[in-house]
Amino acid sequence: MTTTTRSERRRSRRRRKIINAARRIIAEKGLAGLTVQDVTETADMAVGSFYTYFPSKEALIEAAVWEDLQRLGAPDNPLVQGMAVNQRRQFQLLQVYQFVENQRELMQAVFGPNGSPKQFERALKLIENRTAEGVRRTTPLPEEAIQWIAPLLGGLIAGGIRYLLAHPDVSAEEMAMRTISLLRPIAEQMPVVDAGTEEE
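Residues numbered from 1 in each chain as written. Predicted model: local features only at pLDDT ≥ 70, side-chain atom pairs only at ≥ 80, totals over all residues. Heavy atoms only, no water.

What follows deals with helix H2 (residues 36-43). Those residues of H2 that fall on the buried side of the exposure criterion are Val36, Val39, Thr40 and Ala43. Viewed end-on, H2 has its buried residues packed into an arc of 95°, placing them on one side of the element. Immediately beyond the C-terminal end of H2, within one or two residues, lies aspartate 44, with a positive phi of roughly 60°. (Buried < 20%, exposed > 50% of the residue type's maximum accessible area, 1.4 Å probe, protein only. Helix = DSSP H or I, 4+ residues; strand = E, 2+ residues; numbered from the N terminus. Arc of directions from axis to C-beta.)

Here it is, written out as structure tokens:
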């Protein structure tokens, strides 16, 4: 039993090492510049070992870019339960920018100058969907309004991510405050669902 657990931990560490190597290469060269040989050299392992963990380069890209990115702005975060609407919005926005700070290589691969347009569009759609879900949970706006509000807000947040990546001297907290100052007039126009009556 102990041997199996150790083996699984070792396998998980080696898989994570490959993913981290891929992110460094993608951040530097873009997805088009990613090769299995470069990844294995960066991770200091044999090319044959790569296929023990990933069946293809495409599977590695999916893991390197999307395993962690799916957590970006997750609406079901238990930390936001019971928060007032404005507090929840600020907290979730700060979490997004802190994620950018902590996962800079990953975010460069998607939002940086060498990022893939296809991956950027997918990430933008994720942000729009998370934004739409947040609006649904906190306002009684009709769905047709949410459908145009979410892309507008999502584009603003995506722009904040790109700015933060290009300006490492700006903190997540500062970027969150800048974004909130732009969002505040919009948020003030939205009716709010009372925190006690929100559906969780």
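Okay, back to it.
Here the idea is simple: oppositely charged side chains can pair when their charged atoms come close. Counted according to the given criterion, the structure contains 11 salt bridges. A salt bridge links aspartate 68 to arginine 23, with the nearest nitrogen and oxygen atoms 2.9 Å apart. Pair noted here: aspartate 68 is in helix H4 (residues 57-69) and arginine 23 is in helix H1 (residues 2-29), with a separation of 45 residues, a long-range link. Here aspartate 68 matches arginine 23 in class, with each residue buried. With its nearest N and O atoms 3.7 Å apart, the salt bridge here joins glutamate 133 to arginine 136. Of this pair, glutamate 133 and arginine 136 both sit in helix H7 (residues 117-138), three residues apart, which is roughly one turn of the helix. Overall, glutamate 133 belongs to the partly exposed group, its relative accessible area being 24%. Three or more residues are tied together by salt bridges with common partners; here these are Arg15, Arg16, Arg23, Glu67 and Asp68. (Salt bridge = Lys/Arg side-chain N within 4 Å of Asp/Glu carboxyl O.)

With that settled, consider the packing of H4 against H7. In contact at an axis separation of 12 Å, H4 and H7 are set at 20° when each is read in the N-to-C sense. As summarised for this structure, H4 and H7 are arranged roughly parallel, according to the angle between their axes. Relative to H7, H4 is oriented so that their crossing is right-handed. Between H4 and H7, the contacting residues are Ile61, Glu62, Val65, Trp66 and Leu69 on the first element and Gln119, Arg122, Ala123 and Leu126 on the second. In the contact of H4 with H7, the residues fall into six nonpolar, one polar and two charged. (Axes fitted to C-alpha atoms, helices over the stretch in contact; angles between N-to-C directions. Parallel < 35°, antiparallel > 145°, perpendicular 65-115°, else oblique. Left-handed = near helix turned anticlockwise from the far one by under 90°. Contact = heavy atoms within 4.5 Å. Nonpolar A, V, L, I, M, F, W, Y, C, P; charged D, E, K, R; others polar.)

Most often, soluble globular proteins keep nonpolar side chains buried together rather than apart. In this structure, Leu60, Leu69, Met107, Phe111 and Ile161 are the most contacted members of the largest nonpolar core, which totals 57 residues. Looking at this core element by element, the count peaks at 10 residues for helix H8 (residues 143-166). When neighbours within four sequence positions are excluded, isoleucine 161 is seen to be in contact with Val96, Tyr97, Val100, Met107, Phe111 and Ile127. (Core = buried A, V, L, I, M, F, W, Y, C linked by side-chain atoms within 4.5 Å.)

Attention now goes to the side chain of threonine 131. Examined against the element boundaries, threonine 131 turns out to sit in helix H7. Within the structure, the side chain of threonine 131 is placed 2.7 Å from the backbone oxygen of isoleucine 127, a separation counted as a polar contact. Residues in contact with threonine 131, not counting those within four places in the same chain, are Ala150, Leu153, Gly154 and Ile157. (Polar contact = N/O pair within 3.5 Å; in protein donor to acceptor, adjacent residues only side chain to side chain.)

With that settled, consider the confidence of the model for the protein. Reading predicted coordinates in detail is not appropriate for stretches of low pLDDT. Summarising the model, the protein shows a mean pLDDT of 85, and 90% of its residues fall at 70 or more. Element-level mean pLDDT values for the protein span from 84 in helix H6 (residues 104-111) up to 95 in H2. Below pLDDT 50 for its whole length, residues 195-200 participates in 10 contacts with residues either more than four positions away or in separate chains. (pLDDT = per-residue confidence, 0-100.)

We now examine H7. Over its 22 residues, H7 extends 31 Å from the first C-alpha to the last, a length consistent with the 32 Å expected when each residue adds 1.5 Å. Residues of H7 that are buried make contact with H4, helix H5 (85-102), H6 and H8. (Expected span 1.5 Å × (residues − 1).)

Quick look at a positive patch on the surface now. Among the surface-exposed residues, Arg6, Arg9, Arg10, Arg13, Arg14 and Lys17 lie close enough to one another that they form a single positively charged patch. Tracing the backbone through its elements, the reader meets arginine 14 in helix H1. (Patch = residues over 30% accessible without salt bridge, like charges linked within 9 Å, V, L, I, M, F, W, Y side chains within 5 Å. Areas by Shrake-Rupley, 256 points an atom, 1.4 Å probe, with all protein chains shown as cover. Lys, Arg positive; Asp, Glu negative; His and termini not counted. Charge placed at Lys NZ, Arg CZ, Asp CG, Glu CD.)

Another point: the packing of aromatic side chains. A complete count under the given rule lists three aromatic pairs for this structure. Consider the rings of phenylalanine 50 and tyrosine 51, whose centres lie 5.0 Å apart with planes at 85°: the pair is edge-to-face. Ring plane angle 85° and centroid distance 5.5 Å describe the contact between phenylalanine 111 and phenylalanine 120, whose orientation is recorded as edge-to-face. The class for phenylalanine 111 is buried, based on a relative accessible area of 2%. Following the ring pairs from residue to residue traces out a cluster consisting of Phe50, Tyr51 and Phe54. For arginine 122, the ring lying beneath its charged end belongs to tryptophan 66, and the centroid distance is 4.0 Å. (Phe/Tyr/Trp six-rings, centres within 6.5 Å; stacked < 30°, edge-to-face > 60°. Lys NZ or Arg CZ within 6 Å of the ring centre and 35° of its normal.)

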